[in-house]
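Descriptive structure summary
What follows is each chain in one-letter form.
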Amino acid sequence: AVPRTRILATGGASHNKKILQVLSDVFNAPVFTIDTANSACLGSAYRAIHGLVAERNVSLADVVKLAPEPRLAVTPTPGAEELYRPLLKRYAELEQKVIYSSASSC
């Protein structure tokens, strides 16, 4: 995983610890959740505020500093990285192949 990477899970699936554990294991990163309703709307509102203040060089981090603090839900299972790292590499290669073949056919 990239140093200091973390996953923020929201929505219905964020209440399912097994799904969160799979995300954590695959991406070798801790998964956090925010206990708030309508998190997609909240995120959109923060982006809209950021758009309004962007010309004053206010960062998105400054806009969201009053957001609810995420809480740690799960951490990667020891040893899972060895299993998933080669699969993630293969997935990235396949994704690039699809992107470039789609771009060349346009």
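Report on the accompanying structure. Since this is a predicted model, take the numbers as computed values, not measurements. Within every chain, residues take consecutive numbers counted from 1 along the sequence as written. The model is predicted, so local features are restricted to residues of pLDDT at least 70 and side-chain atom pairs to those at 80 or more, both for listing and for counting; the totals for chains, interfaces and linings are taken over all residues. Only hydrogens and water are set aside when side-chain values are computed; all heavy atoms of the structure are taken into account.

1. Here's the deal with the overall build of the protein chain
For the protein chain, the helix and strand inventory stands at four helices and three strands. Its helices and strands taken in sequence order, the protein chain reads β-α-β-α-α-β-α from the N to the C terminus. Within the protein chain, the proportion of its 106 residues that are buried is 20%. Whether two residues touch is decided by their heavy atoms; if any such pair falls within 4.5 Å, the residues are in contact. A separation of at least 24 residues holds for 65% of the contacts in the protein chain among residues at least 6 apart in sequence. All accessible-area figures derive from a Shrake-Rupley calculation using a 1.4 Å probe, and residue coverage is judged against the displayed protein chains alone. For the protein chain, the exposed area adds up to about 8,000 Å²; of that, 60% sits on carbon and sulfur atoms. In this description a helix means any DSSP run of H or I spanning at least four residues, a strand means any run of E spanning at least two, and both kinds are numbered starting from the N terminus. Residue exposure (1.4 Å probe, protein chains only): buried if accessible area is under 20% of the type maximum, exposed if over 50%, otherwise partly exposed.

2. Considerations on the packing of aromatic side chains
Two rings from Phe, Tyr or Trp (for Trp, the six-membered ring) form a pair when their centres sit within 6.5 Å of each other. Planes less than 30 degrees apart are called stacked, planes more than 60 degrees apart edge-to-face, and all others tilted. Scanning the model with the defined rule gives zero aromatic pairs in all. Only when the NZ of Lys or the CZ of Arg is both within 6 Å of the ring centre and within 35 degrees of the ring normal is a charge said to sit over the ring. The ring of F32 carries the charged tip of R6 above its face, separated from the ring centre by 4.9 Å.

3. Digging into the side chain of T33
Residue placement: T33 occurs in strand β2 (residues 31-33). Looking at T33, the relative accessible area reads 4%, which means it is buried. Not counting residues up to four positions away in its chain, the partners in contact with T33 are L8, A9, S14, L20, P70, R71 and A73.

4. Focus: the environment of K18
Residue placement: K18 occurs in helix α1 (residues 17-27). A relative accessible area of 69% places K18 in the exposed class.

5. Some thoughts on the sheet that holds strand β3 (residues 71-74)
Following DSSP output, two strands are said to pair if at least two bridges run between them. Pairing in this open sheet of three strands is mixed, and the strands run β1-β2-β3 from one edge to the other. Edge positions in the sheet fall to β1 (7-9) and β3, since each of these pairs with one other strand and no more. Here the strands of the sheet are splayed against their neighbours by 45° on average, with no regard to which way each runs. The pairing of β1 with β2 spans three bridges and is classified as parallel. Lines are fitted to the C-alpha atoms to define the axes, a helix being fitted only along its stretch in contact, and any angle between axes, read from their N-to-C directions, falls within 0 to 180 degrees.

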